[in-house]
2 protein chains.
Amino acid sequence: MPEFNAPLRDMRFVLHEVFEAPALWARLPALADHVDADTADAILEEAAKVTGQLIAPLNRSGDEEGAQWQATTVTTPSGFKAAYTTYIEGGWVGLSGNPEFGGMGMPKMLAVQFEEMLYAANSSFALYSALSSGACLAIDAHATHALKSTYLPPMYEGRWAGSMCLTEAHAGTDLGIIRTRAEPQADGSFLITGSKIFITGGEQDLTENIIHLVLAKLPDAPPGPKGISLFLVPKRRVNADGSLGAANAVTCGSIEHKMGIKASATCVMNFDGACGWLIGEANKGLAAMFTMMNYERLSIGIQGIGCAETSYQNARTYARERLQSRAPTGKVAPDKVADPIIVHPDVRRMLLSMKAMTEGGRAFASYVGQQLDLSKFSDDPQEQEQASALVALLTPVAKAFFTDTGLDSCVLGQQVFGGHGYIREWGQEQLVRDVRIAQIYEGTNGIQALDLLGRKVVANGGAALRLFTRQIRQFASLPGKPYARELLDAVQRLEDVTDWLLTRAASNPNEIGAASVEYLHLFGYVAYAWLWARMADVAQSSMDADPPFYTAKLATARFYFTRLLPRILSLEQSIRAGSEPLFELDAASF
Amino acid sequence: MPEFNAPLRDMRFVLHEVFEAPALWARLPALADHVDADTADAILEEAAKVTGQLIAPLNRSGDEEGAQWQATTVTTPSGFKAAYTTYIEGGWVGLSGNPEFGGMGMPKMLAVQFEEMLYAANSSFALYSALSSGACLAIDAHATHALKSTYLPPMYEGRWAGSMCLTEAHAGTDLGIIRTRAEPQADGSFLITGSKIFITGGEQDLTENIIHLVLAKLPDAPPGPKGISLFLVPKRRVNADGSLGAANAVTCGSIEHKMGIKASATCVMNFDGACGWLIGEANKGLAAMFTMMNYERLSIGIQGIGCAETSYQNARTYARERLQSRAPTGKVAPDKVADPIIVHPDVRRMLLSMKAMTEGGRAFASYVGQQLDLSKFSDDPQEQEQASALVALLTPVAKAFFTDTGLDSCVLGQQVFGGHGYIREWGQEQLVRDVRIAQIYEGTNGIQALDLLGRKVVANGGAALRLFTRQIRQFASLPGKPYARELLDAVQRLEDVTDWLLTRAASNPNEIGAASVEYLHLFGYVAYAWLWARMADVAQSSMDADPPFYTAKLATARFYFTRLLPRILSLEQSIRAGSEPLFELDAASF
């Protein structure tokens, strides 16, 4: 049976050795009092216990049983409620929350490691608190002090959960055309009416209350995305003293039957004149919601890494134990009926592909976490501004690249098992089904790619990209850095193709969408190359301290550079085909 | 709701225009009397009706209900038995069967089109007869006349089904270590004892009898793959007059719970001294079984194309109807709230990727079918020999490339639907789950790749490959052929990397397995390039007859050459990394 053991040694390697996070924390006043290397390690170890022993064991039974809906109520699978109760006692929901309202104030660099464990253990379970954390972030950033002090403490505690209500049946990517409306009331509240679909955790039996963040239109709102406002709509109304009042007019109409994440309730939510409160300014709800969405996008990206990590762990164990055929170079286990399949080059190719992409992703997530921490906690305005620009640039890459390659890794991990990968018993097929949603929700990966190339690269003439590539060039130009030549070649390709796109997009708006997905992948592979070179650099200089561990890092780096990075050649060539080959057919001729 | 309409126009294009099959049939005596262009069209039209109207409507309900097992019996989902009864009345199971025993004697080129429709309509349903067709082929090729006349007629009729019993719990890829044994009896029969797993249609309620082809070891068999024999083991014994006798000692112990193809019963089969008959020579069972396996491998490859075709049809319809956002170049449907998503370049990229790969695959399957027909029916020994060599070379490519890219296409088709692709209602997620098995069963795609590069390329020093590439070079060297330059470049890369591998493999057996999967993909993309150039060639010269149809072919060819074929650049580079980067880690360091 599959089990999950958090890759603590690898996480510490990234956090302490590659990014030297404790040194950063020590120089940021808001963090210096909260966290140091020992605190971080203690938190990660506790997180490993909670996810491995409490939450992972519910992964398969949760999938078998699924969330159940009956007459507006949702029942989570057996064991979820008890586990959730224990889970929130650890304060995990408020891990990186604002200490002023009860959050633990931990850096994002640490939170991303925890999130990876949570998704690796049980994606469905993880979602029940992931949405809460994001909702808290939006409330903390945009709501009034009164709303913050009422709602944030119980949400950080996990007694109340959050949800994100954007999509309507006719409006997913295109939020400008939503129909949910908000009527202002004399007391400053609003009555919200409309129907939302695909609401993760819109209803459940884990928490005392659910705080919906809802996009809706005011009566006088301009059409399109500039006429959308954000509202806080609790499932149960909240009295002035913070105690729970009457039920609000919001109910769960049904839940979806899905390919995976079956233990996560995906709800149709009906608002029938529900009482809500404006968050942020009228008609600027989309921008406020993006605070939450950007958080969720990184989080959902990490789902891709987490699922891939679990799939890798299972496949590695199986490949060491399953006896089948002999090694091409002769018997390795002559006393056995056959050799373990890990002797076969193609099995190694699959495992190393997973390992290289998962560890590359973990390092990239930590880098984005670092920039998030700098953008939030740095007292140097220039550093803060640069970090914010990098976060904006890198978030869509993290979301889409982690999850596209996360699916690939889960498919490979299933393939290692042969026929046993296709049956439910081993858990590998569930990981494929569960990770697949991560390419779709929180903005499809196609939308992430448009965001990256259109808004984050072309719109600023490539300035944000150069912030990023400059760091890569600086690293590769230092003497003795590993893979410097390959890295410089890769980053040059990225810059060249960006310049080419900037020119083309100026005369034809279709060029952005024609190139965007391949561009995002090209970007991702170049970014991972940088991170693998950095990891190899640390491994080289630390070798004597733990030869097996650092040798494995160097071997995986070599695999990445020789077998995976060459994918950028094809991506570049495909991008340069331009948009014309996409527009030769009219819609009827497809 | 999804529906399936067989792509008859595209199938006729491949069959009549690209391959000019009727002219070939006319010159092969064994086919000339059975089939001409009109017969073929009539069969395809009838097949389209049967698959679209009778079988496709059971696809989703079959997935929801699944095959059910209870105390050795298997119940197929509601409607399957009635549909199967109607289906076999059309004689479809014996479509390409031997006319001497009641088969219809149709060419494989026609059968591959029918098989595509069957898998496209309902993969689970398709499997119940796909195994019968393969079993018939092995019986026809290797069994005694007495066994053939007893078993083939009811199997071609579909009243009896076939199964293929190879895998045991400890022996999948490595059949040399199977434990099932066969005890010779005085009457020339054998008592078969052992347990087989993953047996598709090992038990069901559709047919009067099930004929298991079982691999087992005789008492004096040498160890390993050279000690395996093939036996025919009926579920119910058969009397001398062909009527059904008593139950044989073979029972279904359970069925698997799987990711997909849930309406197909995947059985544990227990043989407890069951009466069986030797097929072919003792200890040469693996070779005899390969007659069936090669057939099934092409068939399972076609599952990849069929599922991709259905996913494409659904995605195309959805992309024309779903309104969301505006085209980058300005409103296309100004009277509507948004434009249909087919205006967006990235949606077109997804649809064109599916279209190009599915139509390329269809042409490749027809080409393999053509070579199968030549190897079976040609009266020119040299032509027959060459065709057989090509079939051996191309079968693993068809199986693995169709299904690897079939998964990609189904994932893209799901992605076009956004969140709606993840819920069961639209059928797209089922296609992903159903097609996924095709990369695993009948020999994993990793095994196909080893077969291609090891046995079919390196073992004969590249001679079979040159048979194939010579045809491509001949085509590309004719004056005026489209994409000749790209094609020659691609085939040169394939040949160069093959030469490189031949040299490397001579000194290190790990090189084959290190390169095999990427090599198979490289081969596949080059083969599709040839077929797309041939299709473009026909489209150019036939343009006036149907401009919209042929324009679409040219546009899809252009998309293939500019956006997909560049993938060979990366594949080649990855192959040339060699095996060393795979062997730096010992098993414990993964």
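Source: prediction; values computed, not measured.

Caption draft 1: Highlighting the relation of the copies chain A and chain B. Of the two same-sequence chains, chain A is brought onto chain B (RMSD 0.0 Å, axial shift 0.0 Å) by a rotation of 180°. This pairing of chains is accounted for by a two-fold axis. When C-alpha positions in chain A are compared against the rotation axis, the closest is assigned to S570 of chain A, at 2.8 Å. Mapped onto chain B, 100% of the interface residues of chain A again fall at the interface, so both copies present the same surface.

Caption draft 2: View of the nonpolar core. Counting residues in each nonpolar core, the largest one holds 423 residues, and the members touching the most others are Y87, L213, Y519 and Y560 of chain A together with Y87, Y519 and Y560 of chain B. Here Y519 of chain B is in contact with L452, L453, V457, L465, L494, V497, T498, L501 and I575 of chain B, once residues within four sequence places are set aside.

Caption draft 3: Structural view of the interface of chain A and chain B. With 91 residues of chain A at the contact, the number on the chain B side is 91 residues. Across the chain A/chain B interface, buried area totals approximately 7,900 Å², and carbon plus sulfur atoms make up 59% of it. Along the contact surface separating chain A from chain B lie 4 salt bridges. With a closest N to O distance of 2.9 Å, R563 of chain A and E518 of chain B form a salt bridge. Of the residues assigned to the side of chain A that touches chain B, the class counts are 41 nonpolar, 27 polar and 23 charged.

Caption draft 4: Looking closely at the UniProt feature "domain: Acyl-CoA dehydrogenase/oxidase C-terminal" (unreviewed entry) in chain A. Sequence positions flagged by UniProt for "domain: Acyl-CoA dehydrogenase/oxidase C-terminal" (unreviewed entry) are, in local numbering, residues 283-451 of chain A. Secondary structure content for residues 283-451 of chain A is 72% helix and 0% strand, and the end C-alpha separation is 21 Å.

Caption draft 5: Local environment of the side chain of E495 of chain B. All names here are of chain B. With respect to the helices and strands, E495 occurs in helix α16 (residues 484-507). Residue class for E495 comes out buried when judged on its relative accessible area of 15%. Contacts of E495, omitting those with residues within four sequence positions, involve T469 and R473.

Caption draft 6: Structural view of the UniProt feature "domain: Acyl-CoA oxidase/dehydrogenase middle" (unreviewed entry) in chain A. As annotated in UniProt, the feature "domain: Acyl-CoA oxidase/dehydrogenase middle" (unreviewed entry) corresponds to residues 163-272 of chain A in the numbering used here. Spanning residues 163-272 of chain A, this segment combines 0% helix with 47% strand, and its end C-alpha atoms are found 17 Å apart.

Caption draft 7: Geometry of the packing of helix α8 (residues 123-142) of chain B against helix α9 (residues 145-157) of chain B. All names here are of chain B. Packing of α8 against α9 leaves a shortest axis separation of 10 Å and a crossing angle of 160°. For the element pair α8 / α9, the angle class is roughly antiparallel. The way α8 lies across α9 gives a crossing that is left-handed. Taken together, the residues of α9 that come into contact with α8 (itself represented by S132, A135, C136, I139 and D140) are K148, L152, M155 and Y156.

So, how was this worked out
Residues numbered from 1 in each chain as written. Chains lettered and ligands numbered in written order. Predicted model: local features only at pLDDT ≥ 70, side-chain atom pairs only at ≥ 80, totals over all residues. Heavy atoms only, no water. Least-squares fit on C-alpha atoms with pLDDT ≥ 70 in both. Contact = heavy atoms within 4.5 Å. Core = buried A, V, L, I, M, F, W, Y, C linked by side-chain atoms within 4.5 Å. Buried < 20%, exposed > 50% of the residue type's maximum accessible area, 1.4 Å probe, protein only. Buried area = accessible area lost by both parts, 1.4 Å probe. Salt bridge = Lys/Arg side-chain N within 4 Å of Asp/Glu carboxyl O. Nonpolar A, V, L, I, M, F, W, Y, C, P; charged D, E, K, R; others polar. UniProt positions renumbered as here; feature names shortened; annotations may be inferred. Helix = DSSP H or I, 4+ residues; strand = E, 2+ residues; numbered from the N terminus. Axes fitted to C-alpha atoms, helices over the stretch in contact; angles between N-to-C directions. Parallel < 35°, antiparallel > 145°, perpendicular 65-115°, else oblique. Left-handed = near helix turned anticlockwise from the far one by under 90°.

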